[in-house]
Amino acid sequence: MADIKRREMLQALAAVPATALAFTWTREEAVQAAEGVREAQGQAAAAGRPYAPRFFNTREYATVVALSDLIIPKDNRSGSASDAGAPEFIDYIVAEQPARQTAMRGGLNWLDSECRRRFDKAFLDCADTERRAGL
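Residue positions are counted from 1 within each chain, in the order its sequence is given. Only residues with pLDDT of 70 or above have their local features reported here, since the model is predicted, and side-chain atom pairs are shown and tallied only from 80 upward, although totals for entire chains, interfaces and linings are computed over all residues. Hydrogens and water are ignored here; the side-chain numbers use all heavy atoms of the structure.

Section: the environment of Ala122
We apply this condition: By the criteria applied, helices consist of DSSP H or I runs no shorter than four residues and strands consist of E runs no shorter than two, each listed in order from the N terminus. Throughout this description, buried means an accessible area under 20% of the type-specific maximum (1.4 Å probe, protein chains only), exposed means over 50%, and partly exposed covers the range between. Only heavy atoms matter for contacts: two residues are in contact if any of them lie within 4.5 Å across the pair.
Looking at the element boundaries, Ala122 is found in the loop between helix 5 (101–119) and helix 6 (128–134). Assessed through its relative accessible area of 4%, Ala122 is described here as buried. The spatial distance from the C-alpha of Ala122 to the C-alpha of Asn109 is 9.4 Å, given a sequence separation of 13 residues. Non-local contacts of Ala122, meaning those with residues more than four positions away in its chain, are made with Arg59, Asp112, Cys115 and Arg116.

Focus on the state of the cysteines
One covalent bond between the sulfur atoms of two cysteine residues makes up a disulfide. Applied cut-off: The disulfide criterion used throughout: a pair of cysteine sulfur atoms within 2.5 Å.
The final tally for this structure, using the stated rule, is 0 disulfides. Free cysteine: Cys115, not disulfide-bonded; nearest cysteine sulfur from Cys126 at 4.1 Å.

Here we look at helix 5
The cut-off we apply is this: Expected span of a helix: the number of residues minus one, times 1.5 Å.
Its 19 residues place the ends of helix 5 27 Å apart at the C-alpha level, agreeing with the 27 Å of an ideal helix rising 1.5 Å per residue. Every buried residue of helix 5 is accounted for by Gln101, Met104, Leu108, Leu111, Asp112, Glu114 and Cys115. Downstream of helix 5 by one or two residues, Asp120 has phi in the positive range, about 60°.

Description of the side chain of Thr63
With respect to the element layout, Thr63 can be found in helix 3 (residues 58–71). Setting aside chain neighbours within four positions, we find Thr63 in contact with Leu108, Leu111, Phe123 and Leu124.

Some points on the packing of aromatic side chains
Geometry of an aromatic ring pair is reported as the spacing of the ring centres plus the angle between the planes. What counts is decided by this rule: Note on aromatic pairs: the rings of Phe, Tyr and Trp (six-membered ring only in Trp) are paired at centre separations within 6.5 Å, and the planes decide the class, stacked below 30 degrees, edge-to-face beyond 60, tilted for the rest.
One pass over the full model with this rule turns up 2 aromatic pairs. Taken together, a centroid distance of 6.0 Å and an interplanar angle of 35° make the contact between Tyr51 and Tyr61 tilted. Remark: Tyr61 occurs in helix 3 and Tyr51 occurs in the loop between helix 2 (27–46) and helix 3; sequence separation between them is 10 residues. Here Tyr51 matches Tyr61 in class, with each residue buried.

Re the packing of helix 3 against helix 4 (residues 86–96)
So the rule is basically this: All axes here are fitted lines through C-alpha atoms, helices being fitted over the stretch that makes contact, and every angle between N-to-C directions spans 0 to 180 degrees. By definition in this entry, angles of less than 35 degrees are roughly parallel, angles greater than 145 are roughly antiparallel, angles of 65 to 115 are roughly perpendicular, and the rest are oblique. Note on convention: the crossing is left-handed when the near helix lies turned anticlockwise from the far helix by less than a right angle, right-handed when the turn is clockwise.
Axis separation between helix 3 and helix 4 bottoms out at 9 Å; the angle between their running directions is 130°. Between helix 3 and helix 4, the interaxial angle falls into the category oblique. The handedness of the crossing between helix 3 and helix 4 is right-handed. Only Ala86, Pro87, Glu88, Ile90 and Asp91 of helix 4 make contact with helix 3, whose side of the interface consists of Tyr61, Val64, Val65 and Ser68.

Set out below in structure tokens:
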């Protein structure tokens, strides 16, 4: 983080309110997404297959899973974010709301670009310590 210039930091901070708005959902939207995710998970389980992302491509979805588990890792008391279905929820709600898709995909692309700049590899190809430093 020490190599970030003052101007870059100010630009990033200025973008935070817009980003926060892009990822704010109403209670009704969240409830609807949770119901949709449960249905999709049930259909996948009945067919004997894993959840199939509706919006993200394979690599993007794997990044969402990795990020989710970095934020809420599994510990000796509870499961991880992916154990709780957080990546499926994110995928479902973003698929339902096209206005938020550009921001989500842009954020994942930024993360890969930043990791490539710093570590010469995409986020998923980084070691755990690099992933944490890339955030």
